[in-house]
Amino acid sequence: MIDSHTQIYGIIGYPVRHSFSPQMHNAAFKAAKLNARYLAFEVTPHNLSEAFLGIRALGICGLNITIPHKEAAVSCIDSLDPTAKLIGAVNTVHSKDGKLTGYNTDGRGFIRALKEELRMVPISRRFFILGAGGAARAIGFNLAKEGARKIALYDALRPKAEKLALDLRHNFPNCKVQIVSGLPFPLLEDFDCLINATPCGMKNSDPLIVDPKFFHPGLVVCDLIYNPLRTKLLKAAQAKKLKTMNGLGMLLYQGVISWEIWTGKKAPIGVMKKVLTNIVSR
Ligand code: NAP
């Protein structure tokens, strides 16, 4: 029941109406019998700082931040968790004693999915990341933090890959970081895991981002995209009997970690997973 004690959480983004987070978090609040609700707020970039004034004034308890606000939100909060600071972007905000703290649970969510779904731990592994945008930054820093031996970065915009490489080398000197220009995918031979962190594959008309002839036995192929669940990249990898992972696990676990930051309780993962699975299989 909603009453005068109901705590409000939400997601802000632009657009935001496609988000599955309200269903996932509300189901978790209900399962945990918490008097809380999670709403979607469509906020234009122009209104972001005003939105944060409202969040403070109204006592909103926690937020997820999505495209295009993850970087800009950094300047609207009071403090940042160290990994979010390295990434330069937040996807989670927690309000405590009137102060807003920012976190980034995207990379941790990806790694938790990797461990849970594929039983793969990053330590001493070599990762080839396609894309150097927000998601790739979040994943790159968390992989390096967890002891990845080598990370290769390829982005259509080379300066983006260069910036991420610089930041990774500076903060994690033990992790070898390589920038890949053009499409020299024979290099894939030297890697354990390929991660598509570009939007290429969301549309039916998108090309297959890597020619499967460069896949080697034992390569693990991940795509951050969850709609569709099986991108051309994942289908090609499955045809070669490789282990694959789509973006649904990352979506689930970034939400699980956010929920645990807000509530201090263990998230009802099974409930949250069921909600997401039901939505995507509709
Ligand atoms: P982003 O900040 O826009 O970064 C994507 C990067 O990939 C951009 O630098 C882009 O370059 C580059 N790129 C696009 N197409 C490329 C191609 N064919 N080859 C090489 N580079 C290419 O986006 P993001 O926020 O990091 O998100 C990336 C993907 O991850 C999206 O599909 C998003 O939906 C997904 N994602 C999933 C989750 C989850 O929970 N599963 C969470 C976050 C993100 P340009 O700027 O030149 O296009």
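Residues numbered from 1 in each chain as written. Predicted model: local features only at pLDDT ≥ 70, side-chain atom pairs only at ≥ 80, totals over all residues. Heavy atoms only, no water.

So, on to the layout of surface pockets. When its volume is computed, the largest pocket comes out at roughly 1,300 Å³. Forming the walls of the largest pocket are 42 residues, and the residues nearest its centre are Thr66, Ile67, Lys70, Ala135 and Tyr226. Only strand S3 (62-65), helix H5 (134-145) and helix H8 (248-263) provide two or more residues apiece to the lining of the largest pocket. The class makeup of the residues in the lining of the largest pocket is 22 nonpolar, 15 polar and five charged. (1 Å grid on protein atoms, 1.4 Å probe; cavity = no way out; pocket = protein on both sides within 12 Å on 5 of 7 lines; lining within 4 Å. Points joined across faces, edges and corners; volume = space filled by probe spheres on them. Helix = DSSP H or I, 4+ residues; strand = E, 2+ residues; numbered from the N terminus. Nonpolar A, V, L, I, M, F, W, Y, C, P; charged D, E, K, R; others polar.)

This paragraph deals with the site of the ligand. Near the ligand there are 22 residues, and of these Ala135, Asp155, Lys160, Leu224 and Gly247 occur at the shortest range. At 2.8 Å from an oxygen atom of the ligand is found a main-chain nitrogen or oxygen belonging to Ala135. In the environment of the ligand, a nitrogen atom lies 3.0 Å from a nitrogen or oxygen atom belonging to the backbone of Leu224. Considered on its own, the ligand offers 920 Å² of accessible surface; in the complex 74% of this is hidden by protein. Counting atoms within 2 Å of the grid points, the majority share of the ligand lands in the largest pocket. The set of elements that each furnish at least two residues to the shell around the ligand consists of H5 and H8. The residue inventory of the shell around the ligand, partitioned by class, reads 15 nonpolar, five polar and two charged. (Near = heavy atom within 4 Å. Polar contact = N/O pair within 3.5 Å; in protein donor to acceptor, adjacent residues only side chain to side chain. Areas by Shrake-Rupley, 256 points an atom, 1.4 Å probe, with all protein chains shown as cover. Sits in = over half its atoms within 2 Å of the grid points.)

Here the focus is the sheet that holds strand S5 (residues 92-96). Pairing between the strands of a sheet is mediated by backbone hydrogen bonds and can be parallel or antiparallel. Pairing within the open sheet is mixed, and its six strands lie in the order S2-S1-S3-S5-S6-S4. Looking at which strands have only one partner, the edges of the open sheet turn out to be strand S2 (36-42) and strand S4 (79-80). Of the strands in this sheet, strand S1 (7-13), S2 and S3 are in contact with helix H1 (residues 21-31), which crosses S2 at around 170°. (Pairing = 2+ DSSP bridges. Contact = heavy atoms within 4.5 Å. Axes fitted to C-alpha atoms, helices over the stretch in contact; angles between N-to-C directions.)

Let's shift gears to unusual backbone geometry. Residue Pro15 is bonded to the preceding Tyr14 through a cis peptide linkage, with omega at 5°. Turning to its location among the elements, Pro15 is positioned in the loop between S1 and H1. Omega for the peptide link from Asn227 to Pro228 comes to 10°, which places this bond in the cis form. Phi is positive for Ser124, which is not a glycine, with a value near 65°. Judged by relative accessible area, which is 44%, Ser124 ranks as partly exposed. The phi dihedral of Lys241 falls on the positive side, at around 65°, and the residue is not glycine. (Buried < 20%, exposed > 50% of the residue type's maximum accessible area, 1.4 Å probe, protein only.)

If you walk across this open sheet you meet the six strands as S9-S8-S7-S10-S11-S12, and the pairing is parallel. Sheet topology places strand S9 (176-179) and strand S12 (243-245) at the edges, where each strand pairs with a single neighbour. Along the sheet, successive strands turn relative to each other by an average axial angle of 15°, direction set aside. In terms of strand pairing, strand S8 (residues 150-154) meets S9 through four bridges, oriented parallel. Of the residues in S9, the one forming a bridge with Lys150 is Lys176. Its contacts with the sheet place helix H7 (residues 232-239) against strand S10 (193-196), strand S11 (220-223) and S12, and it is angled at close to 160° to S11.

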